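# Structural description and commentary
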Amino acid sequence: MSKVIRHLVPLAVIGLFVSFVDRTNIAVAGPAMESALGLTPAVFGLASGLFFVGYVLFEVPSNLALRRYGAKMWIARIMVSWGVVCMLTALVQGVTSLYVTRLLLGIAEAGFYPGVLFYLSLFLPARRLTRAYSLFQIGIPVSLALGSVLTSALLTMDGLLGIADWQWVFIIEGALAVVIGVVSFVKMPSTPKAATWLSDEEKTALQTAIERDQNLDEADDAHGTQAVWAILRNRQVWYYSVVYMLMMLGFYSVTYWLPQVIELKMHAGTVTSGLLSAIPWTVATIALVIASRRLQNRSRRTTLAITLAVSAAGMLLASLTDNAVFALLGLCIGACIQVAVPLLYSFPSQHFPGAKGAVALALVNSIGNIGGFIGPYLLGLLRESTSSDRAGLLVLSSSFMLAAVLSLGLQRQLRKSPAYIPETG
């Protein structure tokens, strides 16, 4: 199991890193695009959120295709596709074409995150997934921290070869996804049996541990229409989805608006704001590393509720204070919402082991990411109407707190699964 984590998780983290760089680079490049494309706060918020419309609509179909064509090939295809669309964003001429490319980017990337979660579940039993997911999740705050620095650096290339600074951002960061997609296809084994770095004895032991968690009587067409309807009728998957949606409503609002919130609070320039945006995500990365070492199945519900409540307190501080340092401190605390995501995903992963897991994870991610559309757009509307971020940040704080309250019921939902494994503490 340690070999699996060492061989698979680093490449998965790199893929997730590039994924979030490409979906959120508009956050740092946005101010540079304002004059060229005529962006207003509401337009920027809608463009940011449109990614999730395509993402949500194609999430479940993408994971159905993943089962048909194989996780290895499909995940690599997703990466190459979104890389090409990201590069095409450099060609947009106005608001409408920006809307279209953001929608297409969501369609292209749909299925990647839950697809990787399902891929990891093919190699690890349920009790080890929380740690693997936590390590995988590190790719998000790392990408948001280093991605902010990378995008800020690319913005200094304005005019090189007659190409605008924001265009260089999409060209270079999109090309990176294409390269990583090809590397992933070459390096990723399809199943434990295909892993050359496992001995025959290790493959057998690993497969036995995985099968112990699965419902062995599942139908062969578990990824077909019947499985989709079975998951849609399951009340527990909707509970998991609502909690995740509340988490993502706040998280993506922070993700897309953080550089501009810092610019407003600290009166900094575009490049400086992008660099300062790396600080909260660096804090979140450290928190995730610590959590991944300390958490398995122990006290997931309590840890999740506490993490969400603390993140809510951080956003509350950022919304109420006029002091730039305290505002940045609050944003750092709020960014630690990242610790909560792998904890949340460990519940549906254990609830729906085996083949149906890809459908369940896709649905949770799809419904949850509706918050990714609502949050940035709502924050943009509130900012445009009030000329302040206070009301928007209060809404984000409230969404985290409500998610904290609902998370206390996750263990009760999990007990209704045939695959339920009691926690050790």
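Below, the structure is looked at part by part. (Residues numbered from 1 in each chain as written. Predicted model: local features only at pLDDT ≥ 70, side-chain atom pairs only at ≥ 80, totals over all residues. Heavy atoms only, no water.)

Looking only at helices and strands, one finds 20 helices and 0 strands in the chain. Classification of the 425 residues of the chain by burial places 59% in the buried group. Summing over all exposed atoms, the chain offers an accessible surface of approximately 16100 Å²; the carbon and sulfur share of this is 65%. (Helix = DSSP H or I, 4+ residues; strand = E, 2+ residues; numbered from the N terminus. Buried < 20%, exposed > 50% of the residue type's maximum accessible area, 1.4 Å probe, protein only. Areas by Shrake-Rupley, 256 points an atom, 1.4 Å probe, with all protein chains shown as cover.)

Under the defined criterion, the tally for this structure stands at 0 disulfides. Of the cysteine sulfurs around cysteine 332, a residue in no disulfide, the closest is that of cysteine 336, at 7.8 Å. Since its relative accessible area comes to 9%, cysteine 332 is described here as buried. On the basis of relative accessibility, which here comes to 17%, the residue cysteine 336 falls in the buried class. (Disulfide = S-S within 2.5 Å.)

If you walk through the whole model with that rule in mind, you get 10 aromatic pairs. Ring centres of phenylalanine 52 and tyrosine 55 lie 6.4 Å apart, and the angle between their planes is 70°; this geometry places the pair in the edge-to-face category. Within this pair, phenylalanine 52 and its partner tyrosine 55 are both found in helix H2 (residues 41–69), separated by 3 residues, close to a single helical turn. Each member of the pair, phenylalanine 52 as well as tyrosine 55, is classed as buried. (Phe/Tyr/Trp six-rings, centres within 6.5 Å; stacked < 30°, edge-to-face > 60°.)

What follows concerns helix H5 (residues 112–121). A large share of H5 lies buried, amounting to 10 of its 10 residues. For H5, every residue scored as buried is listed here: Phe112, Tyr113, Pro114, Gly115, Val116, Leu117, Phe118, Tyr119, Leu120 and Ser121.

Checked against the element boundaries, glutamate 59 lands in helix H2. Buried and unpaired, glutamate 59 has arginine 23 as its nearest opposite-charge partner, separated by 7.4 Å. What glutamate 59 contacts, discounting residues up to four positions off in sequence, is Ala110, Gly111, Pro114, Ala362, Asn365 and Ser366. (Lys, Arg positive; Asp, Glu negative; His and termini not counted. Salt bridge = Lys/Arg side-chain N within 4 Å of Asp/Glu carboxyl O. Contact = heavy atoms within 4.5 Å.)

A word on helix H14 (residues 300–320). The end-to-end C-alpha distance of H14, which contains 21 residues, comes to 30 Å, matching closely the 30 Å that a straight helix rising 1.5 Å per residue would cover. The set of residues buried in H14 consists of Arg300, Leu304, Ala305, Thr307, Leu308, Ser311, Ala312, Gly314, Met315, Ala318 and Ser319. (Expected span 1.5 Å × (residues − 1).)

Another point: the nonpolar core. In this structure, Met33, Trp82, Tyr113, Met247, Phe251, Trp281 and Tyr345 are the most contacted members of the largest nonpolar core, which totals 124 residues. Of the residues forming this core, the biggest block, 17 residues, is contributed by helix H1 (residues 2–37). Setting aside chain neighbours within four positions, we find tyrosine 345 in contact with Tyr113, Leu117, Tyr133, Tyr244, Leu361, Val364 and Asn365. (Core = buried A, V, L, I, M, F, W, Y, C linked by side-chain atoms within 4.5 Å.)

On inspection of all chains with the given rule, the structure shows 2 salt bridges. Across the pair lysine 3 and glutamate 202 runs a salt bridge whose closest N-O atoms are separated by 3.1 Å. A residue pair is termed long-range when its members are at least 10 positions apart, and lysine 3 in helix H1 and glutamate 202 in helix H9 (residues 200–213) qualify at 199 residues. Among the residues examined, glutamate 202 registers a relative accessible area of 30% and is labelled partly exposed. For the salt bridge of arginine 23 with glutamate 109, the shortest nitrogen-to-oxygen distance reads 2.3 Å. Of the two residues, arginine 23 sits in helix H1 while glutamate 109 sits in helix H4 (residues 95–109), which places them 86 residues apart along the sequence.

Glancing now at unusual backbone geometry. For leucine 161, which is not glycine, the phi torsion reads 60° and is therefore positive. Given the relative accessible area of 72%, leucine 161 is considered exposed.

The next thing to look at is the packing of H1 against helix H7 (residues 139–154). The geometry of H1 relative to H7 is characterised by a closest axis approach of 8 Å and an angle of 50° between their N-to-C directions. Regarding the angle of H1 to H7, the classification is oblique. By crossing handedness, the relation of H1 to H7 is classed as right-handed. Here Val13, Leu16, Phe17, Phe20, Val21, Thr24, Asn25, Val28 and Ala29 of H1 lie close against H7, whose contacting residues are Gly139, Ile140, Val142, Ser143, Leu144, Leu146, Gly147, Ser148, Thr151 and Ser152. Taken together, the residues of the contact of H1 with H7 break down into 11 nonpolar, 8 polar and no charged. (Axes fitted to C-alpha atoms, helices over the stretch in contact; angles between N-to-C directions. Parallel < 35°, antiparallel > 145°, perpendicular 65-115°, else oblique. Left-handed = near helix turned anticlockwise from the far one by under 90°. Nonpolar A, V, L, I, M, F, W, Y, C, P; charged D, E, K, R; others polar.)

Moving on: a nonpolar patch on the surface. A grouping of Tyr69, Met73, Val182, Phe185 and Val186 is seen on the molecular surface, where their side chains present a nonpolar patch of about 470 Å² in accessible area. Counting residues per element, the nonpolar patch draws most heavily on helix H8 (residues 165–187), which supplies 3 residues. Counting through the fold element by element, valine 182 comes out in helix H8. Residue classification places valine 182 among the partly exposed positions, given a relative accessible area of 46%. (Patch = residues over 30% accessible without salt bridge, like charges linked within 9 Å, V, L, I, M, F, W, Y side chains within 5 Å.)

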